[in-house]
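The residues making up each chain are set out below.
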Amino acid sequence: MNPSPSRLTALGTPPTVSSFDHDPQVWKDPRGREGPRLRGAAASHVGFHREENEDRFLLRPDAGLFAVADGMGGHEAGEVAATLAVESLADAAQPRVELPAQCLRQAVWEANRRIQGVTESLARRTGMGTTLSAIWIQGGRAVIAHVGDSRVYRLRNGRLEQISEDHTLLAEALRGGFDPERAARLFPSNVLTRAVGIQREVEPLLVDCSVQPGDRFLLCSDGLTDMVAESVIAEQLTVRVSPTQAANGLMVEALAAGGGDNVTVVVIDAVSA
Ligand code: MG
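Everything in this summary refers to the structure shown in the same document. These figures come from a predicted structure and were not determined experimentally.

### Points about the coordination of the magnesium ion
So, step 1. Coordination of the magnesium ion by the protein is provided by Asp70 (OD), Asp222 (OD) and Asp261 (OD), with metal-donor distances spanning 2.1 to 2.2 Å.
So, step 2. One chain supplies every donor to the magnesium ion, and in sequence these donors are spaced D-x151-D-x38-D. Of this pair, Asp70 sits in strand β4 (residues 65–72) while Asp261 sits in the loop between α8 (243–256) and β12 (263–271), and the two are 191 residues apart along the sequence. Taken as a pair, Asp70 and Asp261 share a single burial class, namely buried.

### Re the environment of Glu54
So, step 1. Mapped onto the fold, Glu54 is located in the loop between β2 (37–45) and β3 (55–60).
So, step 2. The buried category is assigned to Glu54, whose relative accessible area is 15%.
So, step 3. For the pair Glu54 and Ala77, spaced 23 residues apart in sequence, the C-alpha separation works out to 8.6 Å.
So, step 4. If near-sequence neighbours (up to four positions away) are discounted, Glu54 is found in contact with Ala69, Asp70, Gly71, Met72, Gly73, Glu76, Gly78, Glu79, Ala82 and Asn262.

### Thoughts on the packing of helix α2 (residues 77–92) against helix α3 (residues 100–121)
Geometrically, a packed helix pair is captured by the angle between its two axes and the distance between the axes.
So, step 1. In the contact formed by α2 and α3, the axes pass within 8 Å of each other and the chain directions differ by 145°. Crossing handedness for the pair α2 and α3: right-handed. Listed contacts from α3 to Val80, Ala81, Leu84, Ala85, Glu87, Ser88, Leu89, Asp91 and Ala92 of α2 are Leu104, Ala107, Glu110, Ala111, Arg114, Ile115 and Val118.
So, step 2. The residue inventory of the contact of α2 with α3, partitioned by class, reads eleven nonpolar, one polar and four charged.

### Structural notes on α3
So, step 1. With 22 residues, α3 ought to run about 32 Å at 1.5 Å a step, and its terminal C-alpha atoms sit 32 Å apart, in line with that.
So, step 2. For α3, the set of buried residues is Pro100, Leu104, Ala107, Val108, Ala111, Asn112, Ile115, Gln116, Val118 and Thr119.
So, step 3. For α3, the secondary structure elements touched by its buried residues are β4, α2, β5 (129–130), β6 (132–138) and β7 (141–147).

### Brief notes about the packing of helix α7 (residues 230–239) against α8
So, step 1. Look at α7 against α8: their axes get within 8 Å of each other, and the N-to-C directions meet at 150°. The orientation of α7 with respect to α8, classified from their angle, is roughly antiparallel. In this structure, the crossing between α7 and α8 has a hand that is right-handed. For the pair α7 and α8, contact is made by Val232, Ile233, Gln236 and Leu237 and by Ala246, Gly249, Leu250 and Glu253, respectively.
So, step 2. Partitioned by chemical class, the residues of the contact of α7 with α8 number five nonpolar, two polar and one charged.

### Some remarks on unusual backbone geometry
So, step 1. For Asn157, which is not a glycine, the phi torsion comes out positive at approximately 50°.
So, step 2. Structurally, Asn157 can be placed in the loop between β8 (151–156) and β9 (159–162).

### Regarding the side chain of Thr264
So, step 1. Tracing the backbone shows Thr264 in strand β12.
So, step 2. Its relative accessible area of 0% is what places Thr264 among the buried residues.
So, step 3. Of note is the side chain of Thr264, whose polar atom sits 2.8 Å from the side chain of Ser44.
So, step 4. Contact partners of Thr264, with chain neighbours within four places excluded, come to Ala43, Ser44, Asp55, Phe57, Val68, Leu219, Cys220 and Ser221.

Reading guide: rules and limits
Residues numbered from 1 in each chain as written. Predicted model: local features only at pLDDT ≥ 70, side-chain atom pairs only at ≥ 80, totals over all residues. Heavy atoms only, no water. Donors = N, O, S within 2.8 Å, 3.2 Å for Na, K, Ca; no water. Helix = DSSP H or I, 4+ residues; strand = E, 2+ residues; numbered from the N terminus. Buried < 20%, exposed > 50% of the residue type's maximum accessible area, 1.4 Å probe, protein only. Contact = heavy atoms within 4.5 Å. Axes fitted to C-alpha atoms, helices over the stretch in contact; angles between N-to-C directions. Left-handed = near helix turned anticlockwise from the far one by under 90°. Nonpolar A, V, L, I, M, F, W, Y, C, P; charged D, E, K, R; others polar. Expected span 1.5 Å × (residues − 1). Parallel < 35°, antiparallel > 145°, perpendicular 65-115°, else oblique. Polar contact = N/O pair within 3.5 Å; in protein donor to acceptor, adjacent residues only side chain to side chain.

This is the structure:
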């Protein structure tokens with residue numbers, strides 16, 4: 001697959017694309033240890049079957065904080081929920097925090113509170129919610145906070161690893177030991193067991209992981225993972241040199257496969273400072 005600009009253009013409306021290349025000076029952890037330089041890119045596209053793009057992404061390279069949110073609910077509720085979620089995270093972003101996991105957890109609670117507040121004030125927005133997958137990179141460590149079925153992956157030495165866990169009926173059944181074939185018959189893959197804003201309280205999955213120069217992280221909505229096989233995602237992330245090329249390559253794959261949903265990808269490279 002060739003993710004050239006002309007190929008993206010041929011697929012219709014171009015995606016929203018942003019990129020960054022951040023000064024390594026900032027990448028010190030709370031103990032003053034310098035971490036890898038971060039380069040990255042994000043792309044988002046409405047796809048071919050939805051009228052609105054209810055995905056949102058957050059790039060805060062100054063703080064090392066990145067996120068994807070995939071909103072749900074009719075009457076523009078999904079856009080509102082996803083926007084509130086990334087805004088809540090952005091409000092928590094600062095270059096160095098002692099306890100990023102606790103900060104992320106509280107930001108997810110705040111997002112939940114804000115979305116619930118809007119739901120209560122507008123009856124027609126009942127059911128408004130969003131997924132939220134965030135990564136906070138500080139020095140050589142990262143914390144992810146995750147709710148829903150967007151995903152966080154890390155590519156290291158050519159191997160792609162999903163760091164988040166899907167909060168879906170199917171994924172929960174598989175984790176519970178169900179036979180995969182039987183689980184696939186019994187449980188839908190698109191029904192969430194956790195989302196931000198749906199219930200009074202929400203607990204994010206929190207995962208701590210290491211960050212090494214050469215690592216490439218991917219945050220994405222299910223508009224990518226429902227359309228594109230993990231092996232193809234791994235191939236694109238391996239073959240494409242720059243984060244922008246990788247984001248475009250993944251977008252081309254999702255759209256060429258039908259673009260059945262909004263598609264959002266954020267690619268972050270940890271590079272030697
Ligand atoms: Mg989606």
